[in-house]
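Here's the letter readout for the chains.
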Amino acid sequence: MNVGNCPHCGKLYALNVMGCCPTCLREIEQQYVDCVEYLRKHRGANVQELSDETGVSIKQITRFIKEGRISVVDAPNLMLPCEVCGTFIREGHLCESCRSRLTKDLSSAAREVSQGEGRSLGAGAYRAIDKTGRS
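Before going into details, it helps to say that this report is about the structure given with it. (Residues numbered from 1 in each chain as written. Predicted model: local features only at pLDDT ≥ 70, side-chain atom pairs only at ≥ 80, totals over all residues. Heavy atoms only, no water.)

Turning our eyes to something else, we now look at the pattern of salt bridges. Close approach of charged atoms lets side chains of opposite charge pair. For the coordinates displayed, the defined rule picks out 4 salt bridges. Here Glu96 makes a salt bridge to Arg99, at a shortest N to O gap of 2.7 Å. With Glu96 and Arg99 both in helix H4 (residues 96-116), this residue pair falls 3 residues apart, about one helical turn. Note on Arg99: relative accessible area 36%, which makes it partly exposed. Bridged by salt links that share partners, the residues Glu29, Glu67 and Arg69 form one connected network. (Salt bridge = Lys/Arg side-chain N within 4 Å of Asp/Glu carboxyl O. Helix = DSSP H or I, 4+ residues; strand = E, 2+ residues; numbered from the N terminus. Buried < 20%, exposed > 50% of the residue type's maximum accessible area, 1.4 Å probe, protein only.)

Dropping the structure here:
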């Protein structure tokens, strides 16, 4: 049997799919129920208000949203932070500015790689030797 320490409370537990001990799992499920009940009564709540009123951390609420357990469709003010800069967004992982910066950086890197392929044989870190005696 595989055992490990619970990342939430530190207690020893039999490893499972959920990644925490049964006690913490029940606590997380109760936090989920608290969030859902609050959102049913207060559809216009944002993440900060939901956290303040339920006592559930913003990190845990964000995890519920990413898991698809809490829908942002039914809550118009519920947003999650961009994974790069922290700006609040409605969907995805990155805000538009971080997404465009990443796209620009990737295309720039691809251009550099394609320009580097045009160099002559043997001009890189390893030198190719022609078997005819030329280098």
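Anyway, onward from the coordinates.
Grouped together as the largest cluster of nonpolar side chains are 26 residues, with contacts concentrated most on Cys35, Leu39, Leu50, Ile61, Ile65, Ile70 and Leu78. The set of elements that each furnish at least two residues to this core consists of helix H1 (22-41), helix H2 (47-54) and helix H3 (58-67). Broken down by element, this core gets its largest block of residues, 5 residues, from H1. Among all residues touching Ile65, those that are not within four sequence positions of it are Ile70, Val72, Leu78 and Leu80. (Core = buried A, V, L, I, M, F, W, Y, C linked by side-chain atoms within 4.5 Å. Contact = heavy atoms within 4.5 Å.)

Here the focus is the packing of aromatic side chains. All told, the structure shown has 1 aromatic pair when counted by the stated rule. Between the aromatic rings of Tyr32 and Phe64, the centroid separation amounts to 5.5 Å while the plane-to-plane angle is 70 degrees, which identifies the pairing as edge-to-face. Highlighted residues: Tyr32 in helix H1 and Phe64 in helix H3, separated in sequence by 32 residues. Here Arg69 stacks its cationic end above the ring of Tyr32, 4.1 Å away from the centre of that ring. (Phe/Tyr/Trp six-rings, centres within 6.5 Å; stacked < 30°, edge-to-face > 60°. Lys NZ or Arg CZ within 6 Å of the ring centre and 35° of its normal.)

For an α-helix, the turn length of 3.6 residues means that residues three or four places apart are oriented alike. Within H3, the full set of buried residues consists of Gln60, Ile61, Thr62, Phe64 and Ile65. Within two residues after H3, Gly68 carries a phi angle of roughly 85 degrees, on the positive side.

Now for H2. Of the residues making up H2, those classed as buried are Val47, Leu50, Ser51 and Thr54. The arc that holds every buried residue of H2, seen down its axis, measures 100 degrees, which confines them to one face. In H2, the exposed positions angled more than 90 degrees off the buried face are occupied by Asp52 and Glu53. Those residues of H2 that are buried are in contact with H1 and H3. Among the residues of H2, the N-terminal cap falls to Asn46, whose side-chain oxygen and the backbone nitrogen of Gln48 are separated by 3.2 Å. (Arc of directions from axis to C-beta. Polar contact = N/O pair within 3.5 Å; in protein donor to acceptor, adjacent residues only side chain to side chain.)

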